[in-house]
Amino acid sequence: MDRNDIADTLSEIGTLLELKGENPFKVRAYQNGARKLETLEEDLATLIEEDRLKEVPGMGEALVQKITELHQTGTLAFYEKLKASIDPGLVSMLEIPGLGAKKISAMNKALGIASIDALKAACESGEVAALKGFGKKTADNILQGIANREAYGKRHLWWKANEVAEPILAGLKKLPAVAMASHAGSLRRCRETVGDLDFIVGSENPAPIMEWFVTQEGVKEVTARGETKSSVRFDSGLQADIRVVPPKQFPFALHHFTGSKEHNVAMRQRALARGMSLSEWGLKPVDEESFENGKTAESEEDIFSLLDLEYIPPELREGLGEIEAAESGSLPDLVRTDDLRGVFHNHTTASDGRNSLEEMTEAAQALGWEYWGVADHSKASFQANGLDEEQTLKLAQQVEALNASGRFETHVFSGIECDILGDGSLDLEESVLMRLDYVVASVHISMTQSQEEMTARIIKAIEHPATTMLGHLTGRLLLRREGCKVDVSRVVDAAIANEVIIEINANPYRLDMDWRFWRKASDRGLLTSINPDAHRVEHFDFVAAGVHTARKGWLERSSVVNTFSLPEVKALLARKRP
Ligand code: DGT
Ligand code: CA
Ligand code: CA
Ligand code: ZN
């Protein structure tokens, strides 16, 4: 073990002893020992070899023995034993910003607190504030620290992160010093969640850009501030990084910081195979020192073309075969939001939606859609005011009347989001379902079945003659709830065999079926519909998130039925209504 690792271990020993409430002198001895090691002027190996470590001021016998053991064996029996003797709950409390071992130990002794949850409860109940030497302010600080730990540790939904990112990018582009600016990282690759925001700027004059970035509205904390790089944290815990580079370097930096790491590794290997070195700085012959005489690129397109590749859209840069496809000219012609001509899975005031059939139709028309479909809940979803057979038929009649009235140019399809019951049967009579234009079959109840049960249940629903499409396959809610367990491959097989569509539920919390399954599934012939699951007119906008999922899944228009024209869609739906 080297000097720095040994110093870290010593300082951890100090913390662990403090957690146990040990004698403060003993604690300090380890902390001082760690600092001594860090500032050692002579080589540690030499000192140990010549048995002179004990001559260093402040190095007691116990410390010398432990440092020597760590240096020679890489482990320390004393440390292992100490770790094993401490409740991991106490150690986890050290992750709370602003809370140290001494306070944790005191609260453990007085109140028996040994976990973050218990600590939170004790702060809320006033027990911590009542402790000698603590008080209300300390308890409030601890609660704030717990909240921050949760917020800072977590990932953020792409949709929400993008709402923060858009004004930042717009603000950057307005600055006179900015020649060019872009978002990068997972945000630009349209991952369903992002760890932090990344921005790349091209400019010869970074100072005013840095100043604007760290003082912009909503910044809660500046976590790093440099001449060309800074990081800030917003109230939500979301962090944003910015890097300013000379305009000449911009395309290379943008490509590098868009990632993914896997994509970058493959690109660098490709460059190396051509005797070139690719990095955030540029592209140059491997044997040249600097990037001065390297290749120039006006845009990312140029970088790909310098490496004999078609342009790879950011959504595909996940290191999953995009470079091979770009080399052979077989990248997909990815679906786009403006390719959509309608949507199918939507709710109205008839069940748990906020807007009426007419309001939704008006909004669909305003978006330029040729059609949209209503699919309110069925009766098993009673908490969502689900419809029974009679109410379902009544809604279908209203749809028919609205279409006949000629009030709107946008055609309305009548459908239902029919519950898949626990045994795989559908919630409404087959004769009623067959009178609707289409049926979205979804699982909302009994979600905790085993994978075997759930898979069989969903396949049974797929085999029902009235089923047109499957709603939100797993029922997951990103960052909130795991989806149910299901054998995706078998469900996809069944859907293809029964000509059932599997939706991409475009609600930003769902994005279900996941993008990772789509490339293979569509190669086998599966069709999708990008459905907003709108519960109010504004939710129609969710389709943009669903399009990201489709693009990350390599989907072209031909796999997405709601890019089809009205006559094509009518013909497709009619196949299930002989
Ligand atoms: P995130 O923020 O966790 O959602 O994911 P990213 O992809 O945005 O990752 P981030 O913010 O750490 O870095 C942005 C990009 O910069 C990343 O996708 C690739 C590039 N990058 C960062 N660190 C490294 C690295 O150590 N190696 C390589 N090859 N690329 C890196
Ligand atoms: Ca990032
Ligand atoms: Ca970052
Ligand atoms: Zn649903």
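Predicted, not measured: the structure shown is a model, and the values here were computed from it.

## Regarding the overall build of the protein chain
- Counting secondary structure elements, the protein chain contains 25 helices and 17 strands.
- Principal axes of the C-alpha set define a box for the protein chain whose edges measure 95 × 65 × 45 Å.
- Considering only contacts within the protein chain whose residues lie at least 6 apart along the sequence, 67% involve residues at least 24 apart.
- Here the protein chain carries 67 positive and 90 negative side-chain charges, and the mean point of each set is 4 Å from the other.

## Comments concerning a negative patch on the surface
- Taken together, the side chains of Asp2, Asp5, Asp8, Glu12 and Glu38 define an acidic patch exposed on the protein surface.
- The element best represented in the negative patch is helix H1 (residues 3-19), accounting for three residues.
- With respect to the helices, strands and loops of the structure, Glu38 is situated in helix H2 (residues 24-38).

## So, the packing of H2 against helix H4 (residues 61-73)
- With their axes 11 Å apart at the nearest point, H2 and H4 run at an angle of 55 degrees to one another. In this view, H2 runs oblique relative to H4, as classed from their interaxial angle. Viewed along their axes, H2 and H4 form a crossing whose handedness is right-handed. Facing H2, whose interface residues are Ala29, Tyr30, Gly33 and Leu37, H4 presents Leu63, Lys66 and Ile67.
- Taken together, the residues of the contact of H2 with H4 break down into five nonpolar, one polar and one charged.

## Re the site of ligand 1
- For ligand 1, the set of nearby residues contains 16 residues, the closest of which are Arg155, Ser186, Arg189, Gly195 and Asp196.
- Contact between ligand 1 and Ser186: an oxygen atom at 2.5 Å from a side-chain N or O atom of the residue.
- Asp196 has a polar side-chain atom sitting 3.0 Å from an oxygen atom of ligand 1.
- Bound to the protein, ligand 1 loses 69% of the 590 Å² it would expose on its own.
- Those elements that provide at least two residues to the shell around ligand 1 are helix H12 (185-188), helix H14 (250-258) and helix H15 (261-273).

## Looking at the coordination of the calcium ion (ligand 2)
- The calcium ion (ligand 2) binds to the protein through Asp196 (O), Asp196 (OD) and Asp198 (OD), with metal-donor distances spanning 2.2 to 2.7 Å.
- Seen from the calcium ion (ligand 2), its six donor atoms lie at angles of 68 to 168 degrees, and the figure they make is irregular.
- Distance-wise, the calcium ion (ligand 3) is placed 3.7 Å from the calcium ion (ligand 2), both being coordinated by Asp196.
- The exposure class assigned to Asp196 is partly exposed, which follows from its relative accessible area of 22%.

## Remarks on the coordination of the calcium ion (ligand 3)
- Ligation of the calcium ion (ligand 3) by protein atoms is provided by Asp196 (OD), Asp196 (OD), Asp198 (OD) and Asp241 (OD), these donors lying 2.3 to 2.7 Å from the ion.
- Spacing between the donor residues of the calcium ion (ligand 3) along the chain follows D-x1-D-x42-D.

## Section: the pairing of strand E7 (residues 239-245)
- Within E7, seven of the seven residues are buried, which leaves the element mostly enclosed by the surrounding structure.
- The side-chain alternation of E7 yields two buried faces, one formed by Gln239, Asp241, Arg243 and Val245 and the other by Ala240, Ile242 and Val244.
- Bridge analysis of strand E4 (residues 197-202) against E7 gives six bridges, and the strand direction is parallel. Residue pairing in the sheet places Val201 in a bridge with Val244 of E7.
- Two elements, strand E6 (residues 229-234) and E7, share five bridges in a ladder whose sense is antiparallel. Its bridge partner lying in E7, Arg233 is registered against Gln239.

## Things to note about the domain arrangement of the protein chain
- Once the domains are mapped, the protein chain shows domain 1 (3-152), domain 2 (157-328) and domain 3 (337-531 + 559-574).
- The centre of domain 1, based on its C-alpha atoms, is set 39 Å off from the matching centre of domain 2.

## Details of unusual backbone geometry
- Put simply, Gly259 and Ser260 share a cis peptide bond, and its omega is -5 degrees.
- Summarising the element assignment, Ser260 is placed in the loop between H14 and H15.
- The omega angle of the peptide bond from Asp512 to Met513 is 15 degrees, so this bond is cis rather than trans.
- One non-glycine residue with positive phi stands out, namely Ser446, at about 50 degrees.
- Positionally, Ser446 belongs in the loop between strand E13 (438-442) and helix H21 (451-463).
- Phi angles above zero are rare outside glycine, and Leu479 is one such case at about 65 degrees.
- Overall, the relative accessible area of 48% leaves Leu479 in the partly exposed class.

## Section: the environment of Met210
- Along the chain, Met210 turns up in helix H13 (residues 206-215).
- Here the alpha-carbon distance between Met210 and Lys229, two residues 19 residues apart in the chain, equals 7.6 Å.
- In this structure Met210 touches Arg225, Gly226, Glu227, Thr228, Lys229, Ser230, Ile242 and Val244, once residues within four positions along its chain are discounted.

## Considering the sheet that holds E4
- The strand order across the open sheet built from five strands is E2-E4-E7-E6-E5, with neighbouring strands paired in mixed fashion. Where the open sheet ends on each side, the last strands, each with one partner, are strand E2 (180-184) and strand E5 (219-225). Pairwise comparison of adjacent strand axes, ignoring direction, gives a mean angle of 20 degrees for this sheet.
- Against the sheet, helix H11 (residues 158-174) makes contact with E2, E4, E6 and E7, and its axis sits at roughly 15 degrees relative to E4, the strand it touches most.
- Strand contacts of H13: E4, E5, E6 and E7, with the helix running at about 175 degrees to E7, the strand carrying the most contacts.

Conventions we followed
- Residues numbered from 1 in each chain as written.
- Chains lettered and ligands numbered in written order.
- Predicted model: local features only at pLDDT ≥ 70, side-chain atom pairs only at ≥ 80, totals over all residues.
- Heavy atoms only, no water.
- Helix = DSSP H or I, 4+ residues; strand = E, 2+ residues; numbered from the N terminus.
- Contact = heavy atoms within 4.5 Å.
- Lys, Arg positive; Asp, Glu negative; His and termini not counted.
- Charge placed at Lys NZ, Arg CZ, Asp CG, Glu CD.
- Patch = residues over 30% accessible without salt bridge, like charges linked within 9 Å, V, L, I, M, F, W, Y side chains within 5 Å.
- Areas by Shrake-Rupley, 256 points an atom, 1.4 Å probe, with all protein chains shown as cover.
- Salt bridge = Lys/Arg side-chain N within 4 Å of Asp/Glu carboxyl O.
- Axes fitted to C-alpha atoms, helices over the stretch in contact; angles between N-to-C directions.
- Parallel < 35°, antiparallel > 145°, perpendicular 65-115°, else oblique.
- Left-handed = near helix turned anticlockwise from the far one by under 90°.
- Nonpolar A, V, L, I, M, F, W, Y, C, P; charged D, E, K, R; others polar.
- Near = heavy atom within 4 Å.
- Polar contact = N/O pair within 3.5 Å; in protein donor to acceptor, adjacent residues only side chain to side chain.
- Donors = N, O, S within 2.8 Å, 3.2 Å for Na, K, Ca; no water.
- Tetrahedral: all angles 85-135°; square planar, octahedral: opposite > 155°, others 65-115°.
- Buried < 20%, exposed > 50% of the residue type's maximum accessible area, 1.4 Å probe, protein only.
- Pairing = 2+ DSSP bridges.
- Domains from an automatic or database assignment.

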